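Listed below are the residues making up each chain.
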Protein chains: 2
Amino acid sequence: MNIHKFVMPEVIFGKGSIQQVGESCLRLGATNVLIVSDPGVIAAGWLDVVVESCRQAGLQYTTFYDVTINPKDSEVEKGCRVYIENECDAIIGIGGGSPIDVAKAIAILATNGGRIHDYEGVDKIHHPLPPQVMVSTTAGSGSEVSQFSVIVDTKEKKKMTIISRSLIPDIAIIDPETLSTKSAHLTASTGLDVLTHGIEAYVSLAATPLTDVQAKNAISLVAEYLRPSVASKMNEEAKTNMAMASLQAGLAFSNAILGAVHAMSHAVGGKYNLLHGDVNSILLPYVMEYNLLANPQKFADIALFLGVDTRGLSAMEAGKKAIDYVKQLAIDIGAPQRLADIGVEQDELRQMSVVAFHDACMITNPRDVTVEDIEELFRKAW
Amino acid sequence: MNIHKFVMPEVIFGKGSIQQVGESCLRLGATNVLIVSDPGVIAAGWLDVVVESCRQAGLQYTTFYDVTINPKDSEVEKGCRVYIENECDAIIGIGGGSPIDVAKAIAILATNGGRIHDYEGVDKIHHPLPPQVMVSTTAGSGSEVSQFSVIVDTKEKKKMTIISRSLIPDIAIIDPETLSTKSAHLTASTGLDVLTHGIEAYVSLAATPLTDVQAKNAISLVAEYLRPSVASKMNEEAKTNMAMASLQAGLAFSNAILGAVHAMSHAVGGKYNLLHGDVNSILLPYVMEYNLLANPQKFADIALFLGVDTRGLSAMEAGKKAIDYVKQLAIDIGAPQRLADIGVEQDELRQMSVVAFHDACMITNPRDVTVEDIEELFRKAW
């Protein structure tokens, strides 16, 4: 048996928990906070709630919201200048994965200096980061609990995956009420991202009993609650359970790491400004088919978690049922089906395969891959 | 829905993980560590392993091992003097619940001053504690991951329950190999303590979906692996799974708190120097019978987790099957069956009922209790 580690932030979960953000910062010794968000979060009104909470806690604060989807190195650098100019001593990220990943990246530069590119890969951060409180509003990225930050290198047009224990925030706040302002498309896209996290973590080479428990629950909750969550903004039970699914999938993949879907999706996201969840959900069934051979029993387990009746089936047969289920779920909730449909060009596939091959997430993929294998998967999904 | 919080230390789990204790302290900035253990741990050779790991990490260290089962206020005070005299700046606890609870209590006094009695109850600790690394060797107490420390007030002859976020260690190390030196009786006793943690956390008024997941797994693992673990010191699979059960039960009860079994058991443990797990396992079925009315469905769930066939049964009927299972398990592994058999005197029951009524663990018991109710439960178990 290997020695395995499991780390997570303090989690505050529930309706209204967003109002604890100011007090949470105070508890960590903050006096002057940089609040990182994006225009969508501001339009939905959630930045105001965070600002009011900071004000009530007697904190000074500065806001920064020049953040786009698939966030860029230049945005991190700009945010870091704002942090330093305003003499901040703590950082809040509020939103989906983009503002949270930028907030983490600013935290790195604030105390470690240099450029964000210096920290690509595993365990490159050597000085402690300022206190970090992350507020998730998407039930998708899991970044609020994970040791990941993914930032686009705009010159190389690729995503840099930064993995470090230091990137686990001090406190993660997950308020299901914030999900009521998401569009059906964003709910579908981020929900399929959660499913991808759960499945990739469960079959990862670095999976442990502690991550399996979290991945299993996340997968089951997505199967039960993603459809109703896409169907209605006001279904509070579905939103709460999708928020829980996102949290548990985040805990699973933060500790078990991911696999080929994310490696490939990062390569696509570096070139094209697409929703991460859309790319993942297109790739997921093809990568599952490829990986099935590596651990048929774990894929059969996934079928069970999804609620599929696998009685009388072999592990391989049950695993295939899991793949069918994932395809059907994406169709049911109107997710895009092919890379070509979302604007990916065929003549980029080869080069993206090379980039994906070198992504940190590929290390824990359960089946060996070559650049050619990746290219074939990309072609199938195109 | 309530807002709920979930907090845990960084966990390092697996065979050989005990050798990471020195490096773990180093990572937390320690230079001079107090190592708290007890004579049993020393006899089993585990203190030597910890000392060697600290030496290899270049740490200064002092050992303290005047710790007994149901550890006492006087032991905490003595340990604190050793900590201060040797100018320590971090603390290791190695052993079962006793050395770990003493290590935590020393950590409180080291930076907060006063007497340990000042901190009884919930959230009475106001200054940060020194870095704490806890190494569990019993698969029982869960103290290595919990926000609890339980210390005997020798003057009042009662257990003081101290509950605080600050008592969650920085790093918990769980090495299943350390379980191979435990006697069958200690394995049975601590294993039934794990079961009690899982069941009390699952039906606690403060249970959440995050604690339920951990409690469920802990209960299932005990049902599958406690018997073989008692049967053989060398059954590595059983030891590993009981260590995992203890960890998950610890995560569950640290965040969901406990109930009447622990409140009553603390009252007994304050008067009599008995194994905590023995007292718990005697009380558990009687308290389950009493609590069944408060949440029949959750007790029916427990029957399922234990592997009982509940098809066709009502929730009340299934809950009763869970109680039968727990009784039979205790018989199978030779656990004591009555309080009278382990030396508790009948004329103490009334006074212990009054003490149990005021224990912090009673607050989250799912069914209301009076002193008279407790006394009746004690009499049934006597």
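Residues numbered from 1 in each chain as written. Chains lettered and ligands numbered in written order. Predicted model: local features only at pLDDT ≥ 70, side-chain atom pairs only at ≥ 80, totals over all residues. Heavy atoms only, no water.

Participant: Honestly, the interface of chain B and chain A in this entry has me stumped. Any pointers?
Facilitator: Interface size is often expressed as the accessible area that is lost when the parts come together. Across the contact, 31 residues belong to chain B and 31 residues belong to chain A. Around 2500 Å² of area is buried between chain B and chain A when both sides are counted, 61% of it from carbon and sulfur atoms. Glu10 of chain B is the partner of Arg165 of chain A in a salt bridge, and the nearest nitrogen-oxygen pair spans 2.7 Å. The interface formed by chain B and chain A includes six residue pairs in polar contact (both at pLDDT 80 or more). Contributing elements (two or more residues each) for the side of chain B that touches chain A: β1 (4-6), β2 (10-13), α7 (209-231) and α8 (236-256) of chain B. A total of six residues in the side of chain B that touches chain A trace back to one element, the largest contributor, which is α7 of chain B. Residue composition of the side of chain B that touches chain A, by class: 15 nonpolar, ten polar and six charged. Across three bridges, strand β2 (residues 10-13) of chain A lies against β1 of chain B in antiparallel orientation. Paired with Phe13 of chain A across the bridge in β1 of chain B is His4 of chain B. (Contact = heavy atoms within 4.5 Å. Buried area = accessible area lost by both parts, 1.4 Å probe. Salt bridge = Lys/Arg side-chain N within 4 Å of Asp/Glu carboxyl O. Polar contact = N/O pair within 3.5 Å; in protein donor to acceptor, adjacent residues only side chain to side chain. Helix = DSSP H or I, 4+ residues; strand = E, 2+ residues; numbered from the N terminus. Nonpolar A, V, L, I, M, F, W, Y, C, P; charged D, E, K, R; others polar. Pairing = 2+ DSSP bridges.)

Participant: I keep staring at the environment of Ala252 of chain A and nothing clicks. Help me out?
Facilitator: Residues and elements named next belong to chain A. Mapped onto the fold, Ala252 is located in helix α8 (residues 236-256). Taking the C-alpha atoms as reference points, Ala252 and Ala107, separated by 145 residues in sequence, lie 23 Å from one another. Not counting the four nearest positions on each side in its chain, Ala252 is found in contact with Ala201, Thr211, Gln214, Ala215 and Ile257.

Participant: What exactly am I supposed to notice about the pattern of salt bridges here?
Facilitator: Opposite charge on two side chains lets them pair, provided their charged atoms get close. Enumeration over the complete set of coordinates arrives at 32 salt bridges over all chains. In this structure, Lys158 of chain B engages Glu120 of chain B in a salt bridge whose closest nitrogen and oxygen atoms are separated by 2.8 Å. Of this pair, Lys158 of chain B sits in strand β9 (residues 158-163) while Glu120 of chain B sits in the loop between α5 (97-112) and β6 (121-122), and the two are 38 residues apart along the sequence. The class of Glu120 of chain B is partly exposed, set by a relative accessible area of 27%. Salt-bridge contacts for Arg350 of chain B lead to Glu372 of chain B; the nearest nitrogen and oxygen are separated by 3.3 Å. Of this pair, Arg350 of chain B sits in helix α13 (residues 349-357) while Glu372 of chain B sits in helix α14 (residues 371-381), and the two are 22 residues apart along the sequence. Overall, Glu372 of chain B belongs to the partly exposed group, its relative accessible area being 46%. Where salt bridges share partners, they join Glu10, Glu23 and Arg27 of chain A together with Arg165 of chain B into one cluster. (Buried < 20%, exposed > 50% of the residue type's maximum accessible area, 1.4 Å probe, protein only.)

Participant: Before we go on, may I ask you to explain the pairing of strand β5 (residues 90-95) of chain B in this structure?
Facilitator: Within a regular beta strand, the side chains point alternately toward one face of the sheet and then the other, so they alternate between its two faces. Residue and element names in this part refer to chain B. For β5, the buried fraction is high: six of the six residues fall into the buried class. Side-chain alternation along β5 places Ala90, Ile92 and Ile94 on one buried face and Ile91, Gly93 and Gly95 on a second face that is also buried. Relative to β5, strand β3 (residues 32-36) is paired through four bridges, and the arrangement is parallel. Residue pairing in the sheet places Leu34 in a bridge with Ile91 of β5. Pairing of β5 with strand β7 (residues 132-136), which is carried by five bridges, proceeds in the parallel orientation. Within β7, the position partnered with Ile91 by the bridge is Gln132.

Participant: Help me understand the packing of helix α13 (residues 349-357) of chain A against helix α14 (residues 371-381) of chain A, please; the structure alone is not making it clear to me.
Facilitator: Packed helix pairs are specified by the crossing angle of their axes together with the interaxial distance, meaning the distance between the axes. Residues and elements named next belong to chain A. At a minimum axis separation of 8 Å, α13 and α14 run at an interaxial angle of 130 degrees. Looking at the two axes, α13 sits oblique to α14. Handedness of the crossing formed by α13 with α14: right-handed. In this structure, α13 contributes Leu349, Arg350, Met352, Ser353, Val354, Ala356 and Phe357 to the contact, and α14 contributes Val371, Glu372, Ile374, Glu375, Phe378 and Arg379. (Axes fitted to C-alpha atoms, helices over the stretch in contact; angles between N-to-C directions. Parallel < 35°, antiparallel > 145°, perpendicular 65-115°, else oblique. Left-handed = near helix turned anticlockwise from the far one by under 90°.)

Participant: Would you mind going over the relation of the copies chain B and chain A with me for this structure?
Facilitator: Note on the chain copies: they are related by a rotation about an axis and a translation along it. In screw terms, the move from chain B to chain A is a rotation of 180 degrees and a rise of 0.0 Å along the axis, fitting with an RMSD of 0.0 Å. Classification of the inter-copy transformation places it as that of a two-fold axis. The residues that chain B uses at the interface reappear at the interface of chain A in 100% of cases, marking a shared surface. (Least-squares fit on C-alpha atoms with pLDDT ≥ 70 in both.)

Participant: Which parts of the structure should I look at to understand the packing of aromatic side chains?
Facilitator: Aromatic ring pairs are reported here in terms of the distance separating the ring centres and the angle at which the planes meet. For the structure on display, the rule yields four aromatic pairs over all chains. Residues Tyr202 of chain A and Phe305 of chain A carry aromatic rings whose centres are separated by 5.1 Å and whose planes lie at 80 degrees to one another, so their mutual orientation is edge-to-face. With Tyr202 of chain A in helix α6 (residues 184-203) and Phe305 of chain A in helix α11 (residues 296-305), this pair connects stretches of sequence that are 103 residues apart. Judged by its relative accessible area of 6%, Tyr202 of chain A is buried. Of the residues examined, Phe305 of chain A reaches a relative accessible area of 13% and is grouped as buried. A ring pair is formed by Phe148 of chain B and Phe253 of chain B, whose centres lie 5.3 Å apart and whose planes are at 65 degrees; its orientation type is edge-to-face. Of this pair, Phe148 of chain B sits in strand β8 (residues 148-153) while Phe253 of chain B sits in helix α8, placing them 105 residues apart in sequence. (Phe/Tyr/Trp six-rings, centres within 6.5 Å; stacked < 30°, edge-to-face > 60°.)

Participant: How do you make sense of the confidence of the model for chain A when you look at a structure like this?
Facilitator: Fine structural detail should not be taken from predicted coordinates in areas where pLDDT scores are low. Residues of chain A with pLDDT of at least 70 account for 100%, and the chain-wide mean is 95. ipTM for the predicted complex: 0.84, alongside a pTM of 0.89. (pLDDT = per-residue confidence, 0-100.)

Participant: Please clarify how the environment of Phe305 of chain A should be interpreted in this entry.
Facilitator: Phe305 of chain A sits eleven residues away from Met316 of chain A along the chain, and the two C-alpha atoms are 16 Å apart. Setting aside anything within four residues of it in sequence, one finds Phe305 of chain A in contact with Tyr202, Lys216, Ile219 and Ser220 of chain A.

Participant: Could you clarify how one ought to interpret the domain arrangement of chain A in this entry?
Facilitator: Residue and element names in this part refer to chain A. When cut into domains, chain A gives domain 1 (10-178) and domain 2 (182-381). Once you take the C-alpha centre of each, domain 1 and domain 2 turn out to be 25 Å apart. Counting residues at the interface gives 26 residues for domain 1 and 34 residues for domain 2. A buried area of about 2400 Å², summed over both sides, lies between domain 1 and domain 2, and 63% of it is on carbon and sulfur atoms. For the interface between domain 1 and domain 2, the tally reads nine residue pairs in polar contact (both at pLDDT 80 or more). Elements represented by at least two residues in the side of domain 1 that touches domain 2 include exactly β2, β8 (148-153) and β9 (158-163). Ranked by residues supplied to the side of domain 1 that touches domain 2, first place goes to β9 with four residues. In terms of residue class, the side of domain 1 that touches domain 2 is made up of eleven nonpolar, nine polar and six charged. (Domains from an automatic or database assignment.)

Participant: Teacher, can you tell me more about unusual backbone geometry here?
Facilitator: Only a minority of non-glycine residues have a phi that is not negative, and only a minority of peptide bonds are not trans. All names here are of chain B. Non-glycine residue Asp123 carries a positive phi angle of around 55 degrees. When you line up the elements, Asp123 lands in the loop between β6 and β7. In this structure, Lys157 is a non-glycine residue whose phi angle is positive, near 50 degrees. The topology assignment puts Lys157 in the loop between β8 and β9.

Participant: I'm lost on the UniProt feature "domain: Alcohol dehydrogenase iron-type/glycerol dehydrogenase GldA" (unreviewed entry) in chain A in this one. Help?
Facilitator: With numbering matched to this structure, UniProt assigns "domain: Alcohol dehydrogenase iron-type/glycerol dehydrogenase GldA" (unreviewed entry) to residues 10-176 of chain A. Along residues 10-176 of chain A, the helical share is 31% and the strand share 26%, with 17 Å between the first and last C-alpha atoms. (UniProt positions renumbered as here; feature names shortened; annotations may be inferred.)

Participant: Can you walk me through the sheet that holds strand β10 (residues 171-174) of chain A in this structure?
Facilitator: To summarise the sheet geometry, strands pair through backbone hydrogen bonds and adopt either a parallel or an antiparallel arrangement. Across the sheet, seven strands lie side by side as β4(A)-β3(A)-β5(A)-β7(A)-β10(A)-β2(A)-β1(B); this open sheet has mixed pairing. Both edges of this open sheet fall to β4 (60-64) of chain A together with β1 of chain B, since each of them pairs with a single strand only. Ignoring which end each strand starts from, the neighbouring axes of this sheet average 20 degrees apart.

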